[in-house]
Amino acid sequence: MNRPLLFTLGTAWAALALAHPALADREATAWRVFVADHATPTVTAFDLDAPEQRWSFEVAGPARLYPAADGALVVAVQSDNDRVHFLRSGVELDSHGDHADIEVSDPAPLGSVEGPRPSHVVTHSGQLAITYDRGGYGGLFDEGALLRGGTDERQFPMNVAHHGFVAPMGDYVVASVASEDPVAEDKLPPRVGIGSFAADGTSLGETHTCTDLHGEAFSGNFLVAGCAEGVIAHDTSGGPDAFTMLPYPADFPEDKTGQLVGASAMQIFLGDYDGSSVVILDPTTEPYFTRVALPFREVDFVLDPAHPQHAYIFTEDGSLHRLNMLSAEIEQSVQITQPYSMDGHWRDPRPRMTVAGDRLILTDPLDASLRVVDLETFAEADRIAVEGIPYNLIAIGGSGLTH
């Protein structure tokens, strides 16, 4: 039985502003934060400049959050509960070239879908794909239809059920491929490759070797994924079968990349590597990788959408670092929280980050708070208390004209 989303509506400052004609056609900036609790089935939303006014959404279990539809949509994936909920963020930006319009309203639930262990979410070309690890398929959705409350799902058949990903590319799909050798009943088969497929699962080229495939990201013309052999790059301008393996340099420590993020304003990627370093990846220029050693093990990292040369890395000693992606240098570091050791269970609650304009927001699960860092001064500017154990979060927003 579907569990309904329960929510409490507040009155956001931006919604009030939009109700007054005197404020029409004025510039407005709005940033809305969504936080998922580590232990309870709750997603909390609030406006960054008015955090005392909050909305609470009941879901089926602890969730990982993804933005979609240019931030108009929030996807809450509850892998252990076989459920995905969709929320309207209430912040919609519409670009018109010389300016953007912004419309702000209360966030609201849009429905949910069920499936056997949903995991990776990939958005591209106005489509959203959810991979169901134990279902052997990916669910494809139209983002516009989801915003209208429709949850119709088209199923893309993967070769076997496995922990992989499906990436919608418009008229074809890129998907991971797993071994078809028998495995124990409670195990999933290992990933062995990647390829492009028609909507019915028909292969559109070779299966390209990529063992232990994990992590994917888009930037510019490229979709990349981490492998044991290197990072495999799909050139979306070269047709469905345009894959190239980018090998790790011979002088790198023996390890691999499993988490990747891509910049939106320039073609560059950042990935993790061997726990105590990160790699900057340019898929078009050899040697492709630049490795940056960290003083402590990495806990989380994000890119700055407005300043694509900047990445922010949080390390287990409780420090935040600004990495210049062009010079491959750590330019600044600041202590933010108490230490969060990477030893222990992988599910232990540890900080996660998001960027909201000129501020970075970091969950501090042991302190039941969000730390807000001013990115100009690179110092903590605010601390927002939240109930429970704040864990995954995203920020949605920007600036535009109100009409």
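Higher on the page you've got the structure.
Residues numbered from 1 in each chain as written. Predicted model: local features only at pLDDT ≥ 70, side-chain atom pairs only at ≥ 80, totals over all residues. Heavy atoms only, no water.

Novice: Which residues make up the overall build of the protein chain, and what values go with them?
Specialist: Helix and strand counts for the protein chain come out as two helices and 34 strands. Relative to the compact-globule value of 22 Å for 403 residues, the protein chain shows a C-alpha radius of gyration of 21 Å, a close match. By principal-axis analysis of the C-alpha atoms, the protein chain measures approximately 60 × 45 × 45 Å. Taking the intrachain contacts of the protein chain between residues at least 6 apart in sequence as the baseline, contacts between residues at least 24 apart amount to 48%. Just so you have it, the protein chain exposes about 17,100 Å², and 49% of that area is on carbon and sulfur atoms. (Helix = DSSP H or I, 4+ residues; strand = E, 2+ residues; numbered from the N terminus. Rg over C-alpha atoms; globule rule 2.2 N^0.38 Å. Contact = heavy atoms within 4.5 Å. Areas by Shrake-Rupley, 256 points an atom, 1.4 Å probe, with all protein chains shown as cover.)

Novice: Describe the sheet that holds strand β6 (residues 83-88), listing the residues and the values that go with them.
Specialist: In space, the four strands of this open sheet follow the order β4-β5-β6-β9, with antiparallel pairing throughout. Because the sheet does not close on itself, it has two edges, and the strands there are β4 (64-68) and β9 (108-114). Within the sheet, the average angular offset between the axes of one strand and its neighbour, ignoring direction, is 20°. (Pairing = 2+ DSSP bridges. Axes fitted to C-alpha atoms, helices over the stretch in contact; angles between N-to-C directions.)

Novice: Tell me about the pairing of strand β34 (residues 390-401), and please be specific about residues and values.
Specialist: The two faces of a sheet get side chains in turn, since along a regular strand they alternate between them. Extensive coverage of β34 is indicated by the burial of 10 of its 12 residues. In terms of strand pairing, strand β1 (residues 27-37) meets β34 through 10 bridges, oriented antiparallel. Looking across to β34, one finds that Val33 is bridged to Ala395. (Buried < 20%, exposed > 50% of the residue type's maximum accessible area, 1.4 Å probe, protein only.)

Novice: How would you explain the pairing of strand β27 (residues 310-315) if you had to name every residue and give the values?
Specialist: The element β27 is largely enclosed, with a buried count of six among its six residues. A two-sided burial pattern is seen for β27, the buried positions comprising His310, Tyr312 and Phe314 on one face and Ala311, Ile313 and Thr315 on the other. Taken together, the five bridges between strand β26 (residues 298-303) and β27 define a ladder with antiparallel strand orientation. Paired with Leu303 across the strands is Ala311, a residue of β27. Joining the antiparallel neighbours β26 and β27 is a turn of six residues. In the sheet, β27 pairs with strand β28 (residues 319-324) via six bridges, with the strands oriented antiparallel. Paired with Tyr312 across the two strands is Arg322, which belongs to β28. Between β27 and the antiparallel strand that follows it, β28, lie three residues; Gly318 among them carries a positive phi value of about 90°.

Novice: I'd like to hear about the sheet that holds strand β21 (residues 243-247), residue by residue, with values.
Specialist: Reading across from one edge, β18-β19-β20-β21 is the order of the four strands in this open sheet, with antiparallel pairing throughout. Because the sheet does not close on itself, it has two edges, and the strands there are β18 (214-219) and β21. Strand after strand, the sheet turns through a mean of 20° between neighbouring axes, direction not considered. For strand β20 (residues 230-235) and β21, the ladder comprises five bridges, and the chain directions are antiparallel. Paired with Ile232 across the bridge in β21 is Met245.

Novice: Talk me through unusual backbone geometry; I want residue IDs and the actual numbers.
Specialist: Glycine aside, negative phi is the norm for most residues, and most peptide bonds take the trans geometry. Following Glu286, the chain continues to Pro287 via a peptide bond in cis, the omega torsion being 5°. Tracing the backbone shows Pro287 in the loop between β24 (277-281) and β25 (289-293). If you check the backbone angles, Asp82 has positive phi at about 55° while not being a glycine. When you line up the elements, Asp82 lands in the loop between β5 (73-78) and β6. Judged by its relative accessible area of 34%, Asp82 is partly exposed.

Novice: Explain the state of the cysteines to me, and be specific about the residues and the numbers.
Specialist: One pass over the structure, following the stated rule, counts one disulfide. In this model, Cys210 is linked to Cys227 through a disulfide, with the two sulfur atoms separated by 2.0 Å. Handedness here is read from the sign of the S-S torsion; for Cys210 and Cys227, about -95°, the answer is left-handed. Of this pair, Cys210 sits in the loop between β17 (208-209) and β18 while Cys227 sits in the loop between β19 (222-226) and β20, placing them 17 residues apart in sequence. By the burial criterion, Cys210 is buried, and Cys227 matches it. (Disulfide = S-S within 2.5 Å.)

Novice: Describe the environment of Ala30, listing the residues and the values that go with them.
Specialist: On the secondary structure map, Ala30 appears in strand β1. We classify Ala30 as buried; its relative accessible area is 3%. Note: C-alpha distance between Ala30 and Ser399 (369 residues apart in sequence) is 6.5 Å.

Novice: Explain the side chain of Thr315 residue by residue, including any values.
Specialist: Note on placement: Thr315 falls in strand β27. A polar side-chain atom of Thr315 sits 2.6 Å from a polar atom in the side chain of Asp317. Ignoring any residue separated from it by four or fewer positions in sequence, one finds Thr315 in contact with Leu294, Phe296, Arg297, Glu298, Val299 and His321. (Polar contact = N/O pair within 3.5 Å; in protein donor to acceptor, adjacent residues only side chain to side chain.)

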